[in-house]
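The residues making up each chain are set out below.
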Amino acid sequence: MQEQALQDIAAASTLEALQQVKTKYVGKSGLVTRELGSLGKLPPEERKARGAEINAVRAALDAALTEREAVLRRAALDARLASEAIDVTLPGLSLPAGGLHPITRVYDDLIEIFTKLGYDAVEGPEVEDEHHNFEALNVPWYHPARDLQDTFWLQDGRLLRTHTSPMQVRYMVDHTPPLKIVARGKVYRYEATDATHEAMFHQLEGLVVGDGIRMSDLKGTVAEMARGLFGGSARVRFQPSYYPFTEPGADFAVWWENPRGESKWLELGGCGMVHPNVFKAVDDLREAAGKERIYEGKTGFAFGLGPERIAMLKYGIPDIRYFYANDPKVIGQFRGEL
Ligand code: FA5
């Protein structure tokens, strides 16, 4: 019987088959178990020898079963590992991922350019008061320039800021020159929209204040920004313009050739030397807050530009309204991939 059993064990090719062999010989009613059970029927003098014999068979079978089981388990594991193996050299499945909005990309570029030049990047409130948005910027209530920036009025004389220039005033009231800042954020104008005008858009404001700051510093800075945005060969044009909070004031445009070989002057924003009346208004606010008057006699320049115009040119977007319509066909082109 032992020989037959050992053959059966060796022939079992799966764990299930081995389990059957185990039940057949050493299970509760297996052949060996039954042999042991029938010992009682033997005459006492034979019992001991027969018992030892059967126990030896049982021990041999147990050992063989344990060994075979280990072999079969290892084989099963190897088979499973082989079937589940991952080929890390296969190209992965690409999943759609979110992407940065084109305006965010342009802002990131701008902030990087200016922080490299030593500017601090700041942000301020979108809900403003009349004083910071207009009055302190040398735009009294009767001034016709107020009509140039049609305003969304809120309750209590508050308004949605029409430009980021009130940040000039806010920052100077709280800080001591010399200073260099850029202020980013949303601005709002109550005007009809078209391909180049939105009622909500963005601006980046720059302000530099110190002693002996000159128009040439402003021009150099704007040229540096243009080169950072559009490459080393970008050219900048300044044209006289009027802003109540600058004297003199100018508009600046960049000559830029896009990847499709089109080139044109792109009006980017306004700029100028900070008007003395703005410094005076800041000192008045400082005095009212119990601070020293320190801005009279200082010099500085400021500029303000719209990142939408830059993004339109850079990414070939023909209509400003595409930026905020959330059309997947437009936004989807700026997706990344994971
Ligand atoms: C101003 O808002 C001034 N605060 C800029 C300034 C700052 C001048 C500091 C001098 C010193 P303006 O209204 O021109 O200026 O707007 C500046 C830029 O914002 C424009 O050149 C344009 O790029 C963008 N912009 C203006 N109106 C809109 C609009 N409706 N939609 C999209 N972009 C606009």
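Residues numbered from 1 in each chain as written. Predicted model: local features only at pLDDT ≥ 70, side-chain atom pairs only at ≥ 80, totals over all residues. Heavy atoms only, no water.

### Structural notes on the layout of surface pockets
Phase 1 of the analysis: Volume-wise, the second largest pocket comes out at about 270 Å³.
Phase 2 of the analysis: Taken together, 16 residues form the lining of the second largest pocket, with Lys-264, Leu-266, Met-312, Leu-313 and Ile-317 sitting closest to its centre.
Phase 3 of the analysis: Elements that contribute at least two residues to the lining of the second largest pocket include exactly strand 9 (263–274) and helix 11 (307–315).
Phase 4 of the analysis: Here the element with the most residues in the lining of the second largest pocket is strand 9; it accounts for five residues.
Phase 5 of the analysis: Classifying every residue of the lining of the second largest pocket gives seven nonpolar, four polar and five charged. (1 Å grid on protein atoms, 1.4 Å probe; cavity = no way out; pocket = protein on both sides within 12 Å on 5 of 7 lines; lining within 4 Å. Points joined across faces, edges and corners; volume = space filled by probe spheres on them. Helix = DSSP H or I, 4+ residues; strand = E, 2+ residues; numbered from the N terminus. Nonpolar A, V, L, I, M, F, W, Y, C, P; charged D, E, K, R; others polar.)

### Re the pattern of salt bridges
Phase 1 of the analysis: Using the criterion set out here, one finds 19 salt bridges in the structure.
Phase 2 of the analysis: Put simply, Lys-116 and Glu-112 hold a salt bridge, and the shortest N to O gap is 3.3 Å. One end of the pair, Lys-116, and the other, Glu-112, are both in helix 5 (residues 102–116), four residues apart, so they sit about a helical turn from each other.
Phase 3 of the analysis: Taking relative accessible area as the criterion, Lys-116 reaches 66% and is therefore assigned exposed.
Phase 4 of the analysis: In this structure, Arg-170 engages Asp-129 in a salt bridge whose closest nitrogen and oxygen atoms are separated by 3.8 Å. Here Asp-129 lies in strand 3 (residues 127–129) and Arg-170 lies in helix 8 (residues 166–174), a separation of 41 residues in the sequence.
Phase 5 of the analysis: On the basis of relative accessible area, Asp-129 is assigned to the partly exposed category, the value being 26%.
Phase 6 of the analysis: Linked through salt bridges whose partners overlap, the residues forming this network are Lys-280, Asp-284, Glu-287, Arg-293 and Glu-296. (Salt bridge = Lys/Arg side-chain N within 4 Å of Asp/Glu carboxyl O. Buried < 20%, exposed > 50% of the residue type's maximum accessible area, 1.4 Å probe, protein only.)

### Regarding the nonpolar core
Phase 1 of the analysis: Core analysis: the largest hydrophobic core is formed by 38 residues, its most contacted members being Leu-110, Met-225, Phe-230 and Phe-303.
Phase 2 of the analysis: Tallying contributions element by element places helix 5 first for this core, with seven residues.
Phase 3 of the analysis: In contact with Phe-230, not counting residues within four places along its chain, are Val-254, Trp-256, Leu-266, Leu-268 and Ile-310.
Phase 4 of the analysis: One finds Val-122, Val-139, Ile-181 and Ala-183 within the second-largest nonpolar core, a separate group that totals 25 residues. (Core = buried A, V, L, I, M, F, W, Y, C linked by side-chain atoms within 4.5 Å. Contact = heavy atoms within 4.5 Å.)

### So, the packing of helix 5 against helix 11
Phase 1 of the analysis: In the contact formed by helix 5 and helix 11, the axes pass within 9 Å of each other and the chain directions differ by 105 degrees. Classified by the angle between their axes, helix 5 and helix 11 sit roughly perpendicular to one another. In this structure, helix 5 uses Pro-102, Ile-103, Arg-105, Val-106, Tyr-107, Asp-109 and Leu-110 to contact helix 11, whose residues at the interface are Pro-307, Glu-308, Ile-310, Ala-311, Lys-314 and Tyr-315.
Phase 2 of the analysis: Of the residues contributing to the contact of helix 5 with helix 11, the split by class is nine nonpolar, no polar and four charged. (Axes fitted to C-alpha atoms, helices over the stretch in contact; angles between N-to-C directions. Parallel < 35°, antiparallel > 145°, perpendicular 65-115°, else oblique.)

### Details of the side chain of Thr-151
Phase 1 of the analysis: Relative to the helices and strands, Thr-151 is located in the loop between helix 7 (145–148) and strand 4 (158–160).
Phase 2 of the analysis: Setting aside its immediate chain neighbours within four residues, Thr-151 contacts Phe-134, Leu-159, Leu-160, Thr-162 and Tyr-190.

### Section: the site of the ligand
Phase 1 of the analysis: Near the ligand lie 25 residues; those nearest to it are His-163, Ser-165, Arg-189, Glu-191 and Glu-198.
Phase 2 of the analysis: Within the backbone of Leu-268, one N or O atom sits 3.2 Å away from an oxygen atom of the ligand.
Phase 3 of the analysis: Contact with the protein chains hides 92% of the accessible area of the ligand, taken as 680 Å² for the molecule alone.
Phase 4 of the analysis: Broken down by secondary-structure element, the contributors of at least two residues to the shell around the ligand are strand 6 (200–210), strand 9 and strand 10 (299–305).
Phase 5 of the analysis: Counting residues per element, the shell around the ligand draws most heavily on strand 9, at four residues.
Phase 6 of the analysis: Within the shell around the ligand, the residues separate by chemical class into eight nonpolar, twelve polar and five charged. (Near = heavy atom within 4 Å. Polar contact = N/O pair within 3.5 Å; in protein donor to acceptor, adjacent residues only side chain to side chain. Areas by Shrake-Rupley, 256 points an atom, 1.4 Å probe, with all protein chains shown as cover.)

### Things to note about the packing of aromatic side chains
Phase 1 of the analysis: All told, the structure shown has ten aromatic pairs when counted by the stated rule.
Phase 2 of the analysis: Between Phe-279 and Tyr-295 the ring centres are 6.0 Å apart and the planes differ by 15 degrees, which places this aromatic pair in the stacked class. Residue Phe-279 is found in helix 10 (residues 276–288), and its partner Tyr-295 is found in the loop between helix 10 and strand 10; the two are separated by 16 residues along the sequence. With respect to burial, Phe-279 and Tyr-295 carry one shared label: buried.
Phase 3 of the analysis: Seen from their ring centres, Phe-323 and Tyr-324 are 6.0 Å apart, and the 55 degrees between their planes marks the pair as tilted.
Phase 4 of the analysis: What makes Phe-323 buried here is its relative accessible area of 2%.
Phase 5 of the analysis: Members of the aromatic cluster, connected to one another through ring pairs, are Phe-114, Tyr-119 and Phe-303. (Phe/Tyr/Trp six-rings, centres within 6.5 Å; stacked < 30°, edge-to-face > 60°.)

### Side note on the environment of Arg-260
Phase 1 of the analysis: Its place among the elements puts Arg-260 in the loop between strand 8 (246–257) and strand 9.
Phase 2 of the analysis: Arg-260 sits in the exposed class, given a relative accessible area of 52%.
Phase 3 of the analysis: Sequence separation between Arg-260 and Asp-129 is 131 residues, and the spatial gap between their C-alpha atoms is 44 Å.

### Quick notes on the sheet that holds strand 9
Phase 1 of the analysis: Read across the sheet, seven strands follow the order 2-5-6-10-9-8-7 without closing on themselves; strand pairing throughout is mixed. Each end of this open sheet is capped by a strand with a single partner; those strands are strand 2 (120–122) and strand 7 (235–241). When the angles between neighbouring strand axes are averaged without regard to direction, this sheet yields 25 degrees.
Phase 2 of the analysis: When strand 8 meets strand 9, the two strands line up antiparallel, connected through ten bridges. Its bridge partner being in strand 9, Phe-252 is matched across the sheet by Gly-269.
Phase 3 of the analysis: Packed on one face of the sheet, helix 8 meets strand 2, strand 5 (179–188), strand 6 and strand 10 and runs near 140 degrees to strand 5. (Pairing = 2+ DSSP bridges.)

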